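Survey of secondary and tertiary structure
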Amino acid sequence: MDGAATPLPVVDAHAHVWDLHRRPQPWIDPRSMAVLDRDHQARELAAEARSAGVSSAVLVQVLNDAAESDDLMWAGAGRPFSGVVPWLDLLGPDLEGELAALLGHPSGAHLAGVRHQALAEADPAAWLARAGNGPGFGLLGRCGLAFDLLLGPGHLSAAYAVVAAHAATTFVLDHAGKPPVASGWDSPGSQEWARGVAALGRLPNAVCKLSGLTTMADRSSWKVSDLRPYVDHLLSCFGVERVMFGSDWPVSLQAGSYARTVESARELVASLSSGEQEAALAGTARRVYRLRGPGDATS
């Protein structure tokens with residue numbers, strides 16, 4: 001019997017929520033980021049995910065703020081969410097106690113990893129080096145928790161050193177290390193990025209998110225073909241077992257709708273086998289983030 005194939009499941013491994021009245025986002029420029037300058041809450045993301053055929057999503061921190069982390073832990077316990085990546089002060093005096101509090105939170109079963117907004121630091125590479133010399137990454141590894149790296153192309157060598165030094169911990173490179181897609185694949189900036197991620201991809205404890213690429217492209221005119229050489233390079237460097245899709249909603253709304261972001265990811269991996277597509281779109285995220293709970297259904 002003829003009919004359309006059932007779409008493969010998608011896990012959105014990178015999404016954000018915020019309530020500006022409860023927690024301002026000072027990084028949002030109301031003029032250049034008007035689409036972001038409003039509340040973006042869990043119920044809206046849940047509706048977008050359901051409409052786009054996304055089975056579950058992972059909530060990721062925006063602010064280096066313990067109160068936001070608590071908000072996310074509570075929000076991440078509801079559908080369609082299956083994991084939370086909150087902030088943890090890796091350089092703080094009570095690191096073990098703060099991590100224990102997250103694990104012991106009523107929603108602690110949804111703790112998937114942690115992240116620090118390193119790009120908010122005056123010197124992201126220096127912050128990463130300090131964290132690498134402390135106990136934090138080792139503690140995360142012993143707890144089976146991943147650490148999300150939010151860095152740009154110029155920080156990839158610093159990331160390599162830290163990831164190599166902590167082989168028992170899984171590191172997830174957010175937004176593929178922010179390649180300058182708008183400059184084109186043959187540009188010096190893109191080639192520098194390509195060399196940096198190729199080195200990182202040789203480390204087996206490094207994972208890469210196919211996220212944030214549309215906002216690194218020309219936001220008003222990007223096509224899937226603009227993203228393809230970057231995604232093909234990442235698949236070559238990391239393999240499907242170490243890449244995962246993330247929408248970066250609502251930041252991605254600057255470059256198009258949630259549905260378009262999801263469909264572009266499906267198109268970019270469409271030439272792979274069904275098993276490889278499943279890994280890139282859902283399986284890697286489930287494994288790396290140890291996803292569990294009610295988030296694998298949107299009903």
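Quick notes on the rules
- Residues numbered from 1 in each chain as written.
- Predicted model: local features only at pLDDT ≥ 70, side-chain atom pairs only at ≥ 80, totals over all residues.
- Heavy atoms only, no water.
- Phe/Tyr/Trp six-rings, centres within 6.5 Å; stacked < 30°, edge-to-face > 60°.
- Helix = DSSP H or I, 4+ residues; strand = E, 2+ residues; numbered from the N terminus.
- Buried < 20%, exposed > 50% of the residue type's maximum accessible area, 1.4 Å probe, protein only.
- Contact = heavy atoms within 4.5 Å.

To continue, consider the packing of aromatic side chains. If you walk through the whole model with that rule in mind, you get 8 aromatic pairs. Geometrically, the ring pair formed by Phe 137 and Phe 147 is edge-to-face, given 4.9 Å between the ring centres and 65° between the ring planes. Highlighted residues: Phe 137 in helix α5 (residues 136-142) and Phe 147 in strand β5 (residues 146-149), separated in sequence by 10 residues. Exposure remark for Phe 147: the relative accessible area of 2% places this residue in the buried category. With a centroid separation of 6.3 Å and 70° between ring planes, the pair formed by Phe 147 and Phe 171 is classed as edge-to-face. Taken as a pair, Phe 147 in strand β5 and Phe 171 in strand β6 (residues 171-173) lie far apart in primary sequence, 24 residues in all.

Among the secondary structure elements, His 14 is positioned in strand β1 (residues 10-15). Since its relative accessible area comes to 0%, His 14 is described here as buried. It is 23 Å that separates the C-alpha atoms of His 14 and Arg 202, two residues lying 188 residues apart in sequence. Look past the residues within four positions of His 14 in its chain and what remains in contact with it is Val 58, Val 60, Arg 115, Asp 148, Asp 174, His 175, Lys 209, Gly 246, Ser 247, Asp 248 and Trp 249.

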